[in-house]
Amino acid sequence: MSTPTSPASPLRVLVVAVEESPPGVEALRLAQRLAAAMQGAVELHLTHVARAGAADGSAELEKARVWLLRTVADVASAASVVPHLLRGDPAAQIRELCRALPADLLVVGSHGRTGLRRLVLGSVAESLTRTAPCPVLVARPDADLLHAVPDDAGRSVVPAMTSTLGGAVAGA
C-alpha cells in the first residue's frame, strides 16, 4: 500500500479515471494541471473501465481502446503516460490498480448526482473516496474546484477546497 506523501516525498504516481464525459474530461484536465505544476516529474496512469460484459474484439471495447489511446497521445507531452483499459466494476478495478502500482493520488470525476439519483445509480467517485488505498481528488465539471495561487517560492498552492464531508480542508 502507498504511504501518505509529504512535502519531502512528492507525488510520483497518479491514477486518473478517464471516460468520455464532462467529469472524466475534468479529471484529466485537473491531473494535467498537477503534472504541469510538478514539471512532468509524475507518471500519469490513465484508466478507463469498460463494462464487465464487453467482449474482446467488440465494437464497444474497440471504441474505448481507440479513445484511450487518442487521449494518451494528447497528454503524452506533459508527463509520462501509461494507459490502462480494464473491464468490470469501475470502483473495484480502479481501487485494485491503485493498490498494485501503488498510486500516490487518484483523480476521479464526479457527475455531482445527489439524492435518489445517486442512491439508484451509485457513485464510483463516492465509493473510491471511502475505499481507495491512496488519497482521492474528485473533480466536478460544474465547479471551479481549484484556484491555485503561487506562493513565495512560485509553487501552486490551493487555499481551500471542500471535502466530501462538506467541511473546508486547508490547502497545502
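Residues numbered from 1 in each chain as written. Predicted model: local features only at pLDDT ≥ 70, side-chain atom pairs only at ≥ 80, totals over all residues. Heavy atoms only, no water.

Looking now at the overall build of the chain. Secondary structure assignment for the chain yields 5 helices and 9 strands. Contacts in the chain between residues at least 24 apart in sequence constitute 70% of all its contacts with a sequence separation of at least 6. Of the accessible surface of the chain, which amounts to about 9,800 Å², a share of 56% is contributed by carbon and sulfur atoms. (Helix = DSSP H or I, 4+ residues; strand = E, 2+ residues; numbered from the N terminus. Contact = heavy atoms within 4.5 Å. Areas by Shrake-Rupley, 256 points an atom, 1.4 Å probe, with all protein chains shown as cover.)

Taken in spatial order, the 5 strands make up an open sheet running S3-S2-S1-S4-S5, and their pairing is parallel. This sheet does not close on itself; its edge strands, each paired only once, are strand S3 (80-87) and strand S5 (136-139). Along the sheet, successive strands turn relative to each other by an average axial angle of 20°, direction set aside. Taken together, the 5 bridges between strand S1 (residues 13-17) and strand S2 (residues 43-50) define a ladder with parallel strand orientation. For Val15, the partnering residue across the bridge sits in S2 and is His45. Along the sheet, helix H1 (residues 22-37) contacts S1, S2, strand S4 (105-109) and S5; its crossing angle with S4, the most-contacted strand, is approximately 145°. Helix H2 (residues 59-75) rests against S2 and S3 of the sheet, and its axis sits at about 165° to S3. (Pairing = 2+ DSSP bridges. Axes fitted to C-alpha atoms, helices over the stretch in contact; angles between N-to-C directions.)

Helix packing for two helices is described by the angle between their axes and how far apart those axes are. For the pair helix H3 (residues 90-100) and helix H5 (residues 124-131), the least separation of the axes is 9 Å and the interaxial angle reads 35°. As for the relative orientation of H3 and H5, their crossing is right-handed in sense. Between H3 and H5, the residues in contact are Pro90, Ala91, Ile94, Arg95 and Arg99 and Val124, Ser127, Leu128 and Thr131, respectively. Of the residues in the contact of H3 with H5, the class split is 5 nonpolar, 2 polar and 2 charged. (Left-handed = near helix turned anticlockwise from the far one by under 90°. Nonpolar A, V, L, I, M, F, W, Y, C, P; charged D, E, K, R; others polar.)

Tallied over the full model, the rule gives 0 disulfides. A disulfide-free cysteine, Cys98 has its sulfur positioned 4.1 Å from the sulfur of Cys134, the nearest such atom. (Disulfide = S-S within 2.5 Å.)

The next subject is H1. Between the first and last C-alpha of H1 there are 22 Å, a value that for 16 residues agrees with the 22 Å anticipated at 1.5 Å per step. Here H1 has its buried residues at Pro23, Gly24, Glu26, Ala27, Leu28, Leu30, Ala31 and Ala35. Those residues of H1 that are buried are in contact with S1, S2, H2, S4 and S5. (Expected span 1.5 Å × (residues − 1). Buried < 20%, exposed > 50% of the residue type's maximum accessible area, 1.4 Å probe, protein only.)

This part is about the side chain of Thr71. Mapped onto the elements of the fold, Thr71 is located in helix H2. Looking at Thr71, its side chain comes within polar contact range of the main-chain oxygen of Trp67, at 2.8 Å. Residues in contact with Thr71, not counting those within four places in the same chain, are Leu28 and Leu46. (Polar contact = N/O pair within 3.5 Å; in protein donor to acceptor, adjacent residues only side chain to side chain.)

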